[in-house]
Amino acid sequence: VESGKERIFSDARFDTGGQLVWLGDGSALLFDAIEQYGGRFNWNSQLWSISYPAGTLRRITPDLASYSNLAATEDGRTLVAVRDEVRAGLWTAPDGDTARARPITASSNGREGATGIDWTSDGRIVYSATAQGNWDIWIANSDGSQSRQLTSDPAVETQPRVLPDGTAIIFTSRASGASDVQVRLIDLDGSNPRPFGTGGPIFRGYVQVRGD
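This section reports on the structure supplied with the text. Predicted, not measured: the structure shown is a model, and the values here were computed from it. (Residues numbered from 1 in each chain as written. Predicted model: local features only at pLDDT ≥ 70, side-chain atom pairs only at ≥ 80, totals over all residues. Heavy atoms only, no water.)

1. So, the pairing of strand β2 (residues 28-35)
The side chains of a regular strand alternate, residue by residue, between the two faces of the sheet.
So, step 1. Counting buried residues in β2 gives 7 out of 8 residues, a clear majority hidden from the surface.
So, step 2. Judged from the 6 bridges that link them, strand β1 (residues 14-22) and β2 form a sheet pairing that is antiparallel. Paired with Thr16 across the two strands is Ile34, which belongs to β2.
So, step 3. The pairing of β2 with strand β3 (residues 46-51) spans 6 bridges and is classified as antiparallel. (Buried < 20%, exposed > 50% of the residue type's maximum accessible area, 1.4 Å probe, protein only. Helix = DSSP H or I, 4+ residues; strand = E, 2+ residues; numbered from the N terminus. Pairing = 2+ DSSP bridges.)

Structure below.
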């Protein structure tokens, strides 16, 4: 305060930082933030603590909900924050009749389809889900039966689109801690995962398949 000199407090890096709150005794700084390169498709902001002056990072919230607008009591012993939980599930509407729409997934814990969904030529559903704690690509019958996880890489994999010839799925993939995004392909049976040539990595974006 006296000199205005700046210095690095911690080596921790985040995509987006929110409110900053000191504990009452000044032993730690609390804040809400999205993990490094979480971006749009890993949008859940968590509550964190960095000890002072050591700079040791600790995650306070352990779940998949998102937290923001952090505040603390004057003594720093109690926190309050807004909890935002995304719920998503797969539904079908026979013949486009929304009155007959019904869910085809038993629960919304995996946020099925929240970041991408598409149909295969034989009437199956390709979608993204976080059922295993990470965004992966899944496939299931139109009634939700025989759901199967196609990808299991330690990466955020979203936006699945079925190629016009129906042989493969194209999707975006971002490795943990990476700033760029890869475009990848995988066959409908989960075999032959491979990169798709884009001339290099991209920084986020949306996948759209053309029919021509």
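On we go from here.
2. With respect to the packing of aromatic side chains
So, step 1. Under the definition given, this model contains 5 aromatic pairs.
So, step 2. When the centroid spacing of 5.2 Å and the interplanar angle of 65° are considered together, the rings of Phe14 and Trp48 count as edge-to-face. Residue Phe14 is located in strand β1, and its partner Trp48 is located in strand β3; the two are separated by 34 residues in the primary sequence.
So, step 3. Relative accessible area serves as the criterion here: at 24%, Phe14 is assigned to the partly exposed category.
So, step 4. Accessibility expressed as a relative area gives 6% for Trp48, which makes it buried. (Phe/Tyr/Trp six-rings, centres within 6.5 Å; stacked < 30°, edge-to-face > 60°.)

3. As for the pairing of strand β5 (residues 66-72)
So, step 1. Bridge analysis of β5 against strand β6 (residues 79-84) gives 5 bridges, and the strand direction is antiparallel. Bridged to Ser66 within β6 is Asp84.
So, step 2. The hairpin turn running from β5 into β6, its antiparallel successor, is 6 residues long, and Gly76 in that turn takes a positive phi close to 75°.

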